[in-house]
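# A structural walkthrough
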Amino acid sequence: MKYTEDHEWLRVDGDLVIVGITEHASEQLGDVVFVELPETETQVAKGDEICVIESVKAASDIVAPVDGEIVEVNEALTDNPGLVNEDPTGEAWFFKMKVEDMSQLDDFMSEDEYKDMIG
Amino acid sequence: MVPFAGYEMPVQYAPGVMKEHLWTRENAGLFDVSHMGQVRLVPHSGDVADAARALETLVPVNILGLAEGRQRYALFTNDEGGILDDLMVTNAGDHIFVVVNAACKADDIAHMTAHLSDAVSVQPITDRSLIALQGPKAETALARLVPDVAEMRFMDARVLDWDGTPLWISRSGYTGEDGFEISVADDRATDLAQALLDMDEVEPIGLGARDSLRLEAGLCLYGNDIDTATTPVEAALEWAIQKVRRRGGEREGGFPGADVILDQLENGAPRRRVGLLPAGRAPMRAGTEIYAGDEKVGQVTSGAYGPSLEAPMSMAYVATDHAETGTELEGDVRGKRLPVTVADLPFRPATFKR
């Protein structure tokens, strides 16, 4: 698992990258009440704001961590946004991306490095 | 913790906003609202009616008719009919006791001092805390310490003894639940809060849940839903203006902005505060623009997810033509038009002990 400075985790599965938010991020957000997912079969560029998460506190964006194509989204989050709090690094993945250049992931943090960042 | 009107306030405790909200609706939530302003208006004459008469020059509310030991919601208005603040007013027998919003208290005290000093001594209380205990089990919990609270009904106010400490208790609050607000000397406040928190029914509740609770209850947050640019009629607060202060009433007018407000009471206002229920799950937050077709007809002033409602909810001002319950409108959420329906307030009926 790799981690970004935007508190997203990435898990590589063949030529796909699965993306979600970290437990730390879900705790900071508080109870999630709404998730807006991206459209599948769309090309996104690193840094694009492609998802919205609304918690009882505020709205936050999820950005595309790398360049690629959105191939699948987790529809379960639409009906049950609370999954993001219950199982942020498991069942509550947000989307799967098809990534041509996996070397984009090289610069992201390891779990230990991420833990150091959040203190 | 977040800064709020010069105080450090907890947004939430460990359980989080959602659980705190639901706990308050099912049990009892304890809120530290000591940031709010407590002020005594002590009549020079010794007759509380003189203090009531004086206060009526600043609010469109029947204060003279408020019996001893009773509390009432009121509004300070300005010359344009706008709202300077909303407040709670109690007839404490030999004086009037008011509770005002934290962010407005300095202005409110200056306002009362400037206009009421001929009749009353305006005395800000700076050595008392304010604790709210709200929810269906609030009576059970508080009655363990102060048995006589069980005899109080909604909007009663009493001074009752707890362990040698006088508590100024009112049966009121801002969550739509039965409950109490308790003014207690600062040096006993922690002990009182702890004695309540030690009970199984009581948990501490932060600002986040306070906001979702009051919004479900259809109650205005000053600075969001009402301010100097909104009139009581636009804000759908006509119920706070008793007949005696309206046209044809015994003490008609005589408060700032009376011409505007009395006219709107008879003829309506161009816009109105309403509830909005979004069709989808996306909350429509403060600032969301509301449309009827291509025409912008209003704006959201408060919006959140309602944990008891299990749906998003908003309060908005919309043009009166579009304010009828059931009217279908659209909200602009991040560039997308999403359907909303105008709904009655409160979203959730109050459960006061009348």
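As the structure is a prediction and not an experimental result, all values here were calculated from the model.

Our focus in this paragraph is the overall build of chain B. Helix and strand counts for chain B stand at seven helices and 19 strands. At 20 Å, chain B has a C-alpha radius of gyration in line with the 20 Å of a compact globule built from 354 residues. Each principal axis of the C-alpha distribution contributes one length, and for chain B these read about 65 × 50 × 35 Å. A fraction of 67% describes how many contacts in chain B between residues 6 or more apart in sequence connect residues 24 or more apart.

Residues and elements named next belong to chain B. In spatial order, the strands read β10-β11-β12-β9-β3-β13; together these six strands make up an open sheet with mixed pairing. The open sheet terminates on both sides in strands that have one partner only, identified here as β10 (157-162) and β13 (202-204). Here the average twist between neighbouring strands, direction ignored, is 30°. Pairing of β10 with strand β11 (residues 165-170), which is carried by six bridges, proceeds in the antiparallel orientation. Counterpart to R158 in the pairing with β11 is I169. On top of the sheet, helix α5 (residues 186-197) reaches β3 (28-32), β9 (128-134), β10, β11, β12 (179-185) and β13; it is set at about 20° to β9, its chief contact.

A separate point is the nonpolar core. With 115 residues, the main nonpolar core has L55, I96 and L133 of chain B as its most contacted residues. With residues up to four places along the chain from it excluded, the contact list for L133 of chain B reads A28, L30, A138, A141, L142, G179, F180, I182 and L196 of chain B.

With that out of the way, let us pick up the interface of chain A and chain B. The extent of an interface is frequently quoted as the accessible surface area lost upon association of the parts. Tallying the contact residues gives ten residues for chain A and 14 residues for chain B. Elements represented by at least two residues in the side of chain A that touches chain B include exactly β4 (32-36) and β6 (49-55) of chain A. Looking at the side of chain A that touches chain B residue by residue, the class counts come to five nonpolar, one polar and four charged.

This part covers the packing of helix α1 (residues 17-26) of chain B against helix α6 (residues 207-216) of chain B. Residues and elements named next belong to chain B. Following both chains from N to C, one finds α1 and α6 inclined at 55°, their axes separated by 8 Å at the closest point. Taken together, the axis directions place α1 and α6 in an arrangement best described as oblique. Here the hand of the crossing between α1 and α6 comes out right-handed. Each of V17, E20, H21 and T24 in α1 lies in contact with α6, whose residues at this interface are G208, A209, S212 and L213. Its residues placed into classes, the contact of α1 with α6 shows three nonpolar, four polar and one charged.

Our next topic: the sheet that holds strand β18 (residues 328-333) of chain B. Hydrogen bonds between backbone groups are what pair the strands of a sheet, and the pairing can be parallel or antiparallel. All names here are of chain B. Taken together, six strands build a closed barrel; the order of strands is β14-β17-β16-β15-β18-β19 and the barrel is antiparallel. Between one strand axis and the next, the sheet turns through 45° on average, direction left out of account. Looking at chain direction, β18 and strand β19 (residues 336-343) are connected through six bridges and run antiparallel. Each residue of the ladder has a partner; that of D332, found in β19, is R337. Those strands touched by α6 are β16 (295-306) and β17 (311-319), and its axis lies near 125° from that of β16.

This part takes up the confidence of the model for chain B. Residues with a pLDDT of 70 or more make up 100% of chain B, whose mean pLDDT is 97. Across the interfaces of the predicted complex, the ipTM metric reaches 0.80, alongside a pTM of 0.92.

Rules and cut-offs
- Residues numbered from 1 in each chain as written.
- Chains lettered and ligands numbered in written order.
- Predicted model: local features only at pLDDT ≥ 70, side-chain atom pairs only at ≥ 80, totals over all residues.
- Helix = DSSP H or I, 4+ residues; strand = E, 2+ residues; numbered from the N terminus.
- Rg over C-alpha atoms; globule rule 2.2 N^0.38 Å.
- Contact = placed C-beta atoms within 7 Å.
- Pairing = 2+ DSSP bridges.
- Axes fitted to C-alpha atoms, helices over the stretch in contact; angles between N-to-C directions.
- Core = buried A, V, L, I, M, F, W, Y, C linked by C-beta atoms within 7 Å.
- Buried ≥ 20, exposed ≤ 12 C-beta atoms within 10 Å, placed from the backbone.
- Nonpolar A, V, L, I, M, F, W, Y, C, P; charged D, E, K, R; others polar.
- Parallel < 35°, antiparallel > 145°, perpendicular 65-115°, else oblique.
- Left-handed = near helix turned anticlockwise from the far one by under 90°.
- pLDDT = per-residue confidence, 0-100.

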